[in-house]
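# Structural characterization, general
Here is how the chains run, residue by residue.
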Amino acid sequence: MEEIRFFFDAVSTYPFLQHALIAGALVGILCGVVGCFIILRGMALMGEAISHAVLPGVVISYMLGSSSFFIGAVATGALSALGIGYISQNSKIKDDSAIGILLTATFAIGIVMVTSLSGTSVDIWHILFGNVLAVSRTDLWVTLGITIAVLLAIILFYKQLLLSTFDPTMAKAIGLPTKVIHYILMIVLSLVTVASLNTVGIILVVAMLITPGATAYLLTERLHIMLVLSAFFGVVSAVTGVYLSYIYDVATGASIVVVASILFTLAFFFSPKQGVAIRWCRRLSTGKA
Amino acid sequence: MNSAVQVKNLSVSYYGHTALEDISFEASPKQLIGIIGPNGAGKSTLIKAIMGMVSKNDGEVTALGQSISKVRKRIAYVPQRSMIDFDFPVLVEDVVVMGSYPHLKWWKRPGKKEREIALDCLRQVGMLEYRKRQIGELSGGQQQRVFLARALAQDGDVFFLDEPFAGIDVSSENIIIDLLRKLRDEGKTIFVVHHDLSKVEEYFDSLMLLNKKLIGYGDKAKVFQPDLVSEAYNGNIAMLSDEGGKMVVTG
């Protein structure tokens, strides 16, 4: 209890902690919601690729002295999504290999660019692993803007998203632009990565996309509940992670991901319907062990 | 408007190899049409090309007298069961409500009316009591009935079913075929991709024998002939007939 009071005192005193908490919560919601679609469309690896592909875009934006690195990041993110599709459609290279190639290629280009800029203010560590304590007011507004836009789009296009994710063939049959939906999702993924840069960084953003959504997936049988639960787990992970990192003086992004992973582990073993431990107990009690 | 679906010189190829070659036919309404052929004959591709889901190299398709893009709402499609992820977080009734999507404005959500239609369609396929189940908890036949209910909810004039009888139980099969007959009697045109030759004569009014090319099309008595079937199946099949009917031997 002592620690919690200490943390609350710190929050009310230091604006950087307030910013960190708000940014974390927003990223939790944003990643949680977008992540559900990534999981259900079987695109976890794609999410990983796009989050890495954002790096060169971010670095270019820094080099050009632009304060908002969204445009660069979205450009390289979207380009690599197109590139992955182009490679797998125009050669016998399968999707996962194409993703592997582009993921590492774009990431390496980004690293080469950063290291060529030694002596400038670009801190590769912060881009890769986040620096939640340096979230500015502008960053907060931008993250809030992206979150609201993405949530509105999901509410507005819920039925199109549901159908094209569940049954892409029928979606195509009734004339939904399934390819356009796919590429819009890729662009949203790049936006989400940029919004999460400060909080968890490029390397761990995929955890925020996949883990809360996967936890929710184990607990419900309806998409809209999965979306709400996933956002909830995202927020809980972010807030608890920021708390732990402040109290124990450890890396924030990593703490957030550790909390999210613990939540997943609990759901994996104890989910009422899917839980491994629950099923095991049931089998023991019915004598079929 | 005398034809439900009209296809002229349709050709489709994937990466340079031909999937369908010069297919032409015309289907009049109020028919149950079986699309028959061996694996890889292009049966599913034909359906998808008619519905504009795969791009065609050549040819013309009209449905209900208009180009497909204008009549999509009135064409209901039941996918192959293997194409669906049955772990998806969606309940039986949610799936059936999807049938109303083509009729809703892009921003509109399904409401009370759409839910009632969905429940009525579930009743017709005998799945009403399962409406709150997750779709993966059902047996294959029950899942197939749910997808048929979704097509019913769409209230179309032309139906395409891709392998609806593959791997399902007898009672589901009977429920489905009875419903398809009822739809036919109401004036609908129903295309069914099918690869089990044993019930072909019992189920369909017309047959389409396909193996990349159109081998035969028309009344089942005319098309379901040993020479044509054998041609469609590259000679890997023999049909014996006696007074009681025909028997098919695969080899």
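Taking an unreviewed UniProt entry as the reference, chain B is identified by name as ABC-type Mn2+/Zn2+ transport system ATPase subunit belonging to Texcoconibacillus texcoconensis. Per UniProt, chain B carries the Sequence similarities (unreviewed entry) text "Belongs to the ABC transporter superfamily."

### Overview of the pairing of strand β10 (residues 213-219) of chain B
Residues and elements named next belong to chain B. Across 6 bridges, strand β9 (residues 206-211) lies against β10 in antiparallel orientation. Note on β10: the bridge partner recorded for L209 is G216. Turn length for the β9-β10 hairpin, with the two strands adjacent in sequence and antiparallel, is 1 residue, and the turn residue K212 shows positive phi of about 65°.

### A few points about the pattern of salt bridges
In total, this model carries 12 salt bridges over all chains according to the counting rule given. Notably, a salt bridge pairs B:K132 with B:E93, separated by 2.7 Å at the nearest N-O pair. Of this pair, B:K132 sits in the loop between α4 (112-124) and α5 (140-154) while B:E93 sits in helix α3 (residues 92-97), and the two are 39 residues apart along the sequence. Here B:K132 falls in the exposed class, since its relative accessible area comes to 52%. Given the relative accessible area of 9%, B:E93 is considered buried. Connected via shared salt-bridge partners are A:R222, B:E93, B:D94 and B:K132.

### Here we look at the packing of aromatic side chains
For the structure shown, the criterion picks out 19 aromatic pairs over all chains. When the ring of A:F157 is compared with that of B:W106, the centres are 5.4 Å apart and the planes differ by 20°; the resulting orientation is stacked. A residue pair is termed interchain when its members come from two chains, as with A:F157 in the loop between α7 (137-156) and α8 (158-166) and B:W106 in the loop between α3 and α4. Relative accessible area serves as the criterion here: at 34%, A:F157 is assigned to the partly exposed category. When the centroid spacing of 6.3 Å and the interplanar angle of 80° are considered together, the rings of B:F86 and B:F147 count as edge-to-face. Taken together, the positions of B:F86 in the loop between β6 (75-78) and α3 and B:F147 in helix α5 put the pair 61 residues apart, joining distant regions of the chain. The class for B:F147 is buried, based on a relative accessible area of 2%. The structure contains a cluster of three or more aromatic residues connected by ring pairs, namely A:F6, A:F7, A:F8, A:Y243 and A:Y246.

### Some points on the layout of surface pockets
Residue and element names in this part refer to chain A. Taken as a whole, the largest pocket encloses approximately 1,200 Å³ of empty space. Taken together, 32 residues make up the lining of the largest pocket; nearest its centre are Q89, P168, K172, K179 and H182. A total of 5 residues in the lining of the largest pocket trace back to one element, the largest contributor, which is helix α4 (residues 70-90). Looking at side-chain class alone, the lining of the largest pocket contains 16 nonpolar, 9 polar and 7 charged residues.

### Quick look at the packing of helix α3 (residues 44-63) of chain A against helix α5 (residues 95-116) of chain A
Residue and element names in this part refer to chain A. Here α3 crosses α5 at 25°, and the two axes come no closer than 8 Å. As far as their axial angle goes, α5 and α3 are roughly parallel. As α3 packs across α5, the resulting crossing turns out to be left-handed. Here L45, M46, E48, A49, H52, A53, L55, P56, V59, I60 and M63 of α3 lie close against α5, whose contacting residues are D96, I99, L103, T106, F107, I109, G110, I111, M113 and V114. Split by residue class, the contact of α3 with α5 holds 16 nonpolar, 3 polar and 2 charged.

### A few points about the sheet that holds strand β2 (residues 17-27) of chain B
Sheet strands pair by backbone hydrogen bonding; their relative direction is either parallel or antiparallel. All names here are of chain B. Across the sheet, which stays open at both edges, the 4 strands sit in the order β2-β1-β4-β5 with antiparallel pairing between neighbours. If you trace the sheet from one side to the other, it starts and ends with β2 and β5 (66-67), each paired once. Pairing analysis gives 7 bridges linking strand β1 (residues 5-14) to β2, with the strands arranged antiparallel. Residue pairing in the sheet places Y14 in a bridge with H17 of β2.

### Description of the nonpolar core
Counting residues in hydrophobic clusters, the biggest one holds 137 residues, and the most contacted among them are A:F166, B:I135, B:V146 and B:L180. The element that contributes the greatest number of residues to this core is helix α2 (residues 15-40) of chain A, accounting for 14 residues. Not counting residues within four places of it along the chain, the set of residues in contact with B:L180 comprises B:L32, B:L148, B:L161, B:F165, B:I190 and B:V192.

### Description of the state of the cysteines
Considering all chains together, one arrives at 0 disulfides over all chains under this definition. In this structure A:C31 is not part of a disulfide, and its nearest cysteine sulfur, from A:C36, lies 11 Å away.

### Topic: the environment of B:A41
Residue and element names in this part refer to chain B. Mapped onto the fold, A41 is located in the loop between β3 (31-36) and α1 (43-50). The exposure class of A41 is buried, given its relative accessible area of 1%. Setting aside chain neighbours within four positions, we find A41 in contact with A19, L20, L210, N211 and K212.

### Here's the deal with the interface of chain B and chain A
Facing the 34 residues of chain B at the interface are 26 residues of chain A. Among the residues of chain B in contact with chain A, B:F88, B:P89 and B:Y101 are the three that bury the most area, contributing 25% of the side total. Along the contact surface separating chain B from chain A lie 3 salt bridges. Notably, a salt bridge pairs B:R150 with A:D167, separated by 2.5 Å at the nearest N-O pair. Mapped onto the side of chain B that touches chain A, the elements with two or more residues apiece are α3 and α5 of chain B. Grouping the constituent residues of the side of chain B that touches chain A by class yields 20 nonpolar, 3 polar and 11 charged.

### Some points on a nonpolar patch on the surface
All names here are of chain A. On the surface, V258, I262, L266, F268, F269 and F270 cluster together into a nonpolar patch covering about 560 Å² of accessible area. Looking at where L266 falls in the secondary structure, it is placed in helix α13 (residues 252-270). Assessed through its relative accessible area of 45%, L266 is described here as partly exposed.

### A look at the sheet that holds strand β7 (residues 158-162) of chain B
Residues and elements named next belong to chain B. Spatially, the 6 strands line up as an open sheet ordered β6-β7-β8-β3-β9-β10, and their pairing is mixed. Because the sheet does not close on itself, it has two edges, and the strands there are β6 and β10. In this sheet, adjacent strand axes meet at a mean angle of 15° when their direction is disregarded. Two strands pair when backbone bridges link them, and β3 and β9 are joined in this way by 4 bridges, in the parallel orientation.

The rules behind these values
- Residues numbered from 1 in each chain as written.
- Chains lettered and ligands numbered in written order.
- Predicted model: local features only at pLDDT ≥ 70, side-chain atom pairs only at ≥ 80, totals over all residues.
- Heavy atoms only, no water.
- UniProt positions renumbered as here; feature names shortened; annotations may be inferred.
- Pairing = 2+ DSSP bridges.
- Helix = DSSP H or I, 4+ residues; strand = E, 2+ residues; numbered from the N terminus.
- Salt bridge = Lys/Arg side-chain N within 4 Å of Asp/Glu carboxyl O.
- Buried < 20%, exposed > 50% of the residue type's maximum accessible area, 1.4 Å probe, protein only.
- Phe/Tyr/Trp six-rings, centres within 6.5 Å; stacked < 30°, edge-to-face > 60°.
- 1 Å grid on protein atoms, 1.4 Å probe; cavity = no way out; pocket = protein on both sides within 12 Å on 5 of 7 lines; lining within 4 Å.
- Points joined across faces, edges and corners; volume = space filled by probe spheres on them.
- Nonpolar A, V, L, I, M, F, W, Y, C, P; charged D, E, K, R; others polar.
- Axes fitted to C-alpha atoms, helices over the stretch in contact; angles between N-to-C directions.
- Parallel < 35°, antiparallel > 145°, perpendicular 65-115°, else oblique.
- Left-handed = near helix turned anticlockwise from the far one by under 90°.
- Contact = heavy atoms within 4.5 Å.
- Core = buried A, V, L, I, M, F, W, Y, C linked by side-chain atoms within 4.5 Å.
- Disulfide = S-S within 2.5 Å.
- Buried area = accessible area lost by both parts, 1.4 Å probe.
- Patch = residues over 30% accessible without salt bridge, like charges linked within 9 Å, V, L, I, M, F, W, Y side chains within 5 Å.
- Areas by Shrake-Rupley, 256 points an atom, 1.4 Å probe, with all protein chains shown as cover.

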